[in-house]
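Structure assessment
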Amino acid sequence: MMSNPNPQSVVAGAYRPTANDASASGRETQDRLKRGFDVSLATGIIIAFLPLFLIILVALLFQGRPFFIQHPRVGHRGRMFPCLKFRTMVVDADAKLKEHLASNAEARAEWEATRKLKLDPRVTAFGHVLRKSSLDELPQLINVLRGEMSLVGPRPIVSAEVRHYGSSMGYYEQVRPGMTGAWQISGRNDTSYAQRVALDCEYVATRSFRRDLTILVQTFPAVLAARGSY
C-alpha cells in the first residue's frame, strides 16, 4: 500500500518520495532518458511551430494583452509552478465565473464535479478555437524545457483539485505533469474526475518510455477529433 502524503505538502512543496512509492529507486535511468527526450522533442517542436506561434500572437493582438497566462499548478513532488497557456478568456474571467456560478445551479454543479464548463462564458471566440484544437497549450513547451512539466504525464491540476485525488495524490506527485497523458487520449472532459484520477494512477504505476511514445502517437488523432475538448 502506498503512503499518503499530506495534501498540505502540495502547497508547501514538502512531499518526499518514500520506499513505498512506486518506482522510488528503480526508474532513475528511465527518468533521465525521459528528460532528455522531453528537452530534445520540445525544442524541435518549438522550432517547427514557430510560425504558428507568431500567427497566434498576431491574432491575440485583437483581443488585447496579456497574450499569455501563468496559472499556479501542482507539480512534481507537490511544488507549485506557473503553467503557461495562450490567453483564451476575457480579462475579468474570475469575476465572470463567480457571477455565472452564482446565477446558474447547473453550471455550479458541473464546475464542482469537474472544474470545467462545457459552455464557459469566460472564453473568447478565438479562445474557443485555441482550446478546441489544444493550441492554447503550446506555451507549455517552455514549461517542459524549464523542467516543470514533461511531454507525457498527468495533466497539471490546481491546488483546489487535490481533494479529488485523496489518498492517490502521492501517485500524481511522483512525476512531472504532462502536456498530454492517459486522460488526454481517453476522452478528456467527457470522463468523470474519478476516471481521470484512476488513469493518472495507472499511468504512474506502469509508466515506461514505450508507453510515453504510444501516448504521444495517440494524442494526434485525439486532438484532431477534439474528443472531450471545450
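Residues numbered from 1 in each chain as written. Predicted model: local features only at pLDDT ≥ 70, side-chain atom pairs only at ≥ 80, totals over all residues. Heavy atoms only, no water.

1. Quick notes on helix H2 (residues 28–48)
Here H2 spans 30 Å end to end across 21 residues, near enough to the 30 Å set by a 1.5 Å rise per residue. By the burial criterion, the buried members of H2 are Lys-34, Arg-35, Asp-38 and Ala-42. Taken down its axis, H2 places every buried residue within 100° of arc, on the same side. Summarising the geometry of H2, the exposed residues directed more than 90 degrees from the buried face are Thr-29, Arg-32, Ser-40, Ile-47 and Ala-48. On its buried face, H2 sits against helix H7 (140–145), strand E3 (150–152), helix H10 (193–206) and helix H11 (209–225). (Helix = DSSP H or I, 4+ residues; strand = E, 2+ residues; numbered from the N terminus. Expected span 1.5 Å × (residues − 1). Buried < 20%, exposed > 50% of the residue type's maximum accessible area, 1.4 Å probe, protein only. Arc of directions from axis to C-beta. Contact = heavy atoms within 4.5 Å.)

2. Some details on the pairing of strand E1 (residues 68–74)
Summarising the sheet, E1 and strand E2 (residues 80–86) pair through seven bridges and their orientation is antiparallel. Looking at E2, one finds that His-71 is bridged to Cys-83. What sits between E1 and E2 in their antiparallel hairpin is a turn of five residues, with Arg-77 showing a positive phi close to 60°. (Pairing = 2+ DSSP bridges.)

3. Examining the nonpolar core
By size, the foremost hydrophobic cluster in this structure holds 24 residues, and its most contacted members are Phe-86, Leu-141 and Leu-151. Listed by contribution, the elements that provide at least two residues to this core are helix H3 (50–60), E2, H7, E3, H10 and H11. Leu-141 has contacts with Ala-42, Ile-45, Ile-46, Phe-53, Leu-151 and Met-179, leaving out every residue within four places of it along the chain. One finds Ile-157, Met-169, Tyr-193 and Cys-201 within the second-largest nonpolar core, a separate group that totals nine residues. (Core = buried A, V, L, I, M, F, W, Y, C linked by side-chain atoms within 4.5 Å.)

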